[in-house]
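# Analysis of the macromolecular model
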Amino acid sequence: MPLTRRTLIAVSLSLTFAFTPTIVFAASPTPAKGEHGMVVTAQHLATEVGVDVLKKGGNAVDAAVAVGYALAVVYPNAGNIGGGGFMTVRMKDGRTTFLDFRERAPLAATKTMYLDKDGKPIKGASLDGYLAVGVPGSVAGFEMAREKFGTLPRQELMAPAIAYAKDGFVLNQGDAASFAGGAERLAKDPAAAAIFLKKDGKPYGIGEKLVQPDLAASLSAISDKGPDAFYNGAIADEIVKASGAKGGILAKPDFEQYAVRELKPVTCSYRGYEIISSPPPSSGGVIICEILNVLEGYPLSYLGAGSAETVHVMVEAMRHAYVDRNSALGDPDFVDNPVSRLLDKAYAKDIRDKIDPFRAGVSKELMPKGFGESKETTHYSIIDKDGNAVAVTYTLNGSFGAGVVADGTGILLNNEMDDFTQKPGVPNLYGLVQGEANAIQPKKTPLSSMSPTIVTKDGKPFMVIGSPGGSRIITITLEVIVNVIDHGMDIQQAIDAPRIHHQWLPDTVYVEPFGLSPDTEKLLAGMGYHLDLSDQIWGQAAGILVGGKSLAQIEKGGGARYNGAIDSRAAAGEALGY
Ligand code: DON
């Protein structure tokens, strides 16, 4: 068990320290328990679909494919087949892989496609409508996962999703809230409005049923014919037709040429644990590892969760790592990513040497050379009876993506193009200020923050974790890992605990409301930090811990084999074991 400040206080009540400790009591429900498998997703019906697959003898990859399609029906604000994502896999024999089925820029995309004639960004152009759409990858990704690692036929895995689309599903409070949030945007596209809004133009409410016959037909075609039905058939034709008619640039060859990339995950060690996470075109794994490498040099357990000292070193590590994220990383087919340099423990030491123990750093002093001055994604974590573990994060980018559906397809399309640098120095939807490495080019994939992550200890799965949250995905995932390993929280507490975030620019520490005590806020302000405590989007993590609900329980023995936790911020989600 980590030697936390709380443990020390218990042994020696007389111990005092220069900074009064602020102990975070992350009160949370007990994690879900399972002995044979665990599925954690942001929508309870999708979770049940995954558990049913495991019970029928499917493995974690089978369950991940079935859940991916189910979420496209029951969680349409983020779950998608009109978008893309990443899957990190660790099989029971220790094999690991990473499937990149993220969107690619259309062949007709250009570096300046979102700028007006004066070189200024055109408001909304990379976010709303067909010009914002990247070539979707989810269908190809799920099929590759199933073919390489799955055991069950596609038809069996897609049947629950098709049934929910055809027969409908009844909305609970969490579902209804997400539809209400998207109503205004969806009203602008007649095909989207016809599906997601009632005849009176209002969103579906609690207890009402959403039926999606067009989506059922598209899914049935994919189930029968495979990805060809999407990329080479009527679905692509309809999307290309709608795109052409409504200001987009998608063309048939974009779909015909789409290919999933199988990549080697990024790995690093942290205090004896191995982190297996997303490589470029995600920044997630590299930046999580870079931050962890820096933090490894500080006694976080002793400094305590939520203390000013802990927040200080975490923010400084984040500040330095996000400079690298935003300036150096991009699609590996186009950019030479300096991954090994960024993951070098010596580089982490260089960063630590630059951190003033008493003062906040200054972001503009870290400006790289040549650098100009709600939202939805979803993550799910699955583990099966054999210990095969799968972490998937996929997205339409913004909530309900570009807010458009091509007639007859029932498929919401993404607005992933906004993740590119439109112009160096101009912030995107998540306030990220990025550089040339992430500039738009035909067939290039925009840099992502999605971080589906598996942590192992002594060659065995220890944690499966990830989250939505735009640029905060990285720090959310990192904080859950640190909360479990350094602060001794159980997996649910670690996920629910209040969060902080810094991304280099703007030079602001974002703090979840009530995340820090007023004393801690004052200490940080005194060190020179600017804090923003306004209510923002803090993601909805989904995690599994193996062998107990916390490190203490794992060490003591007697905990459940699988312990699942869906973020208390995820109103419709569920962790379910069996
Ligand atoms: O790939 C990325 O980094 C973003 N498109 C993720 C968007 C996201 O997490 C939105 N959800 N809250």
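Residues numbered from 1 in each chain as written. Predicted model: local features only at pLDDT ≥ 70, side-chain atom pairs only at ≥ 80, totals over all residues. Heavy atoms only, no water.

### Focus on the confidence of the model for the chain
Here the chain averages 94 in pLDDT, while 94% of its residues score no lower than 70. Below a pLDDT of 50 lies the segment residues 8-25, which in the model reaches 24 contacts outside its immediate sequence neighbourhood of four places, other chains included. (pLDDT = per-residue confidence, 0-100. Contact = heavy atoms within 4.5 Å.)

### Description of the pattern of salt bridges
All chains considered together, the criterion is met by 26 salt bridges. Taking the shortest distance from any N to any O, the salt bridge between Asp486 and Arg271 comes out at 2.6 Å. Beyond isolated ion pairs, a larger network of salt bridges with shared partners links Asp100, Arg104, Arg261, Asp331 and Asp333. (Salt bridge = Lys/Arg side-chain N within 4 Å of Asp/Glu carboxyl O.)

### Things to note about the pairing of strand E8 (residues 266-270)
The alternating pattern of E8 places Val266, Cys268 and Tyr270 on a buried face, while none of Thr267 and Ser269, on the opposite face, is buried. Here E8 pairs with strand E9 (residues 273-277) via 5 bridges, running antiparallel. In the strand pairing of E9, Val266 is matched with Ser277. Where E8 folds back onto E9 in an antiparallel hairpin, the turn is made up of 2 residues, including Arg271, whose phi is positive at roughly 45°. (Buried < 20%, exposed > 50% of the residue type's maximum accessible area, 1.4 Å probe, protein only. Helix = DSSP H or I, 4+ residues; strand = E, 2+ residues; numbered from the N terminus. Pairing = 2+ DSSP bridges.)

### Re the side chain of Thr453
Residue position: Thr453 is located in strand E12 (residues 453-457). Given a relative accessible area of 0%, Thr453 falls into the buried group. Looking at Thr453, its side chain comes within polar contact range of the side chain of Ser277, at 2.7 Å. A distance of 2.8 Å separates a polar side-chain atom of Thr453 from the backbone oxygen of Ser451. When sequence neighbours within four positions are dropped, the list of residues in contact with Thr453 reads Ile275, Ile276, Ser277, Ile288, Ala391, Met463, Val464, Ile465, Thr477 and Ile481. (Polar contact = N/O pair within 3.5 Å; in protein donor to acceptor, adjacent residues only side chain to side chain.)

### Quick look at the site of the ligand
Surveying the vicinity of the ligand reveals 16 residues, the closest of which are Thr377, Glu416, Asp419, Ser448 and Ser449. Note that an oxygen atom of the ligand is positioned 2.9 Å from one of the side-chain N or O atoms of Arg102. Within the backbone of Gly470, a nitrogen or oxygen atom sits 2.7 Å from an oxygen atom of the ligand. Across the complex, the protein chains shield 98% of the 350 Å² of accessible surface that the ligand would expose by itself. Going through the elements one at a time, strand E10 (375-383) and strand E11 (389-398) are the ones with two or more residues in the shell around the ligand. Tallying contributions element by element places E10 first for the shell around the ligand, with 3 residues. Residues lining the shell around the ligand come from more than one domain, with at least three contributed by each of domain 1 (5-20 + 263-365 + 450-573) and domain 2 (49-82 + 98-261 + 389-438). (Near = heavy atom within 4 Å. Areas by Shrake-Rupley, 256 points an atom, 1.4 Å probe, with all protein chains shown as cover. Domains from an automatic or database assignment.)

### Here's the deal with the domain arrangement of the chain
Assigned domains within the chain: domain 1 (5-20 + 263-365 + 450-573) and domain 2 (49-82 + 98-261 + 389-438). Here domain 1 and domain 2 have C-alpha centroids that lie 29 Å from each other. Taken residue by residue, the interface counts 33 residues in domain 1 and 23 residues in domain 2. For the pair domain 1 and domain 2, the summed buried area comes to about 2200 Å², and 62% of that belongs to carbon and sulfur atoms. The interface formed by domain 1 and domain 2 contains 2 salt bridges. (Buried area = accessible area lost by both parts, 1.4 Å probe.)

### Focus on the pairing of strand E4 (residues 96-101)
Of all 6 residues that make up E4, 5 are buried, and the element is covered over most of its length. Linking strand E3 (residues 84-90) back to E4 in an antiparallel pair, the connection comprises 5 residues, with Gly94 at a positive phi of about 95°.

### A closer look at the nonpolar core
Membership of the largest hydrophobic core comes to 85 residues, with the highest contact counts inside it found for Tyr69, Met87 and Leu219. For this core, the element with the highest residue contribution is helix H3 (residues 60-74), accounting for 13 residues. Not counting chain neighbours up to four residues away, the residues in contact with Tyr69 comprise Ile81, Val139, Phe142, Met158, Ala161, Leu219 and Ile222. By size, the runner-up hydrophobic cluster in this structure holds 69 residues, among which are Tyr270, Val313, Phe462 and Ile481. (Core = buried A, V, L, I, M, F, W, Y, C linked by side-chain atoms within 4.5 Å.)

### Here we look at helix H19 (residues 518-527)
For H19, every residue scored as buried is listed here: Thr520, Leu524 and Met527. The arc that holds the buried residues of H19, viewed along the axis, is 55°, so those residues lie on one side. Facing away from the buried side of H19 by more than 90 degrees, the exposed set consists of Pro518, Asp519, Lys522 and Gly526. Looking at the buried residues of H19, the elements they touch are helix H14 (308-328) and strand E16 (531-532). Gly528 occupies a position one or two residues after H19 and carries a positive phi of about 110°. (Arc of directions from axis to C-beta.)

### What about the packing of H3 against helix H5 (residues 154-167)?
Where H3 meets H5, the axes come as close as 8 Å, and the angle between the chain directions of the two elements is 10°. Put simply, H3 runs roughly parallel to H5. Between H3 and H5 lies a crossing whose hand is right-handed. Where H3 abuts H5, its residues Asp62, Val65, Ala66, Tyr69, Ala70, Val73 and Val74 lie against Leu157, Met158, Ala161, Tyr164 and Ala165. The residue makeup of the contact of H3 with H5, split by class, is 11 nonpolar, no polar and 1 charged. (Axes fitted to C-alpha atoms, helices over the stretch in contact; angles between N-to-C directions. Parallel < 35°, antiparallel > 145°, perpendicular 65-115°, else oblique. Left-handed = near helix turned anticlockwise from the far one by under 90°. Nonpolar A, V, L, I, M, F, W, Y, C, P; charged D, E, K, R; others polar.)

### Details of the sheet that holds strand E15 (residues 509-511)
The strands making up a sheet associate through backbone hydrogen bonding, with each pair oriented either parallel or antiparallel. Strand order in the open sheet formed by 3 strands is E14-E15-E16, and the pairing between neighbours is mixed. Lying at the two open borders of the sheet, with one neighbouring strand each, are strand E14 (500-501) and E16. Direction of pairing for E15 relative to E16: parallel, over a ladder of 2 bridges. By the bridge assignment for E16, Val509 is matched with Leu531.

### So, the state of the cysteines
Here is the idea: a disulfide is a covalent bond, and it sits between the sulfur atoms of two cysteines. Under the criterion given, the structure shown has 1 disulfide. Here Cys268 engages in a disulfide with Cys289; their sulfurs sit 2.2 Å apart. Taking the sign of the torsion about the S-S bond as the criterion, the disulfide between Cys268 and Cys289, at about -80°, is left-handed. One end of the pair, Cys268, is in strand E8; the other, Cys289, is in helix H12 (residues 284-295), and 21 residues separate them in sequence. (Disulfide = S-S within 2.5 Å.)

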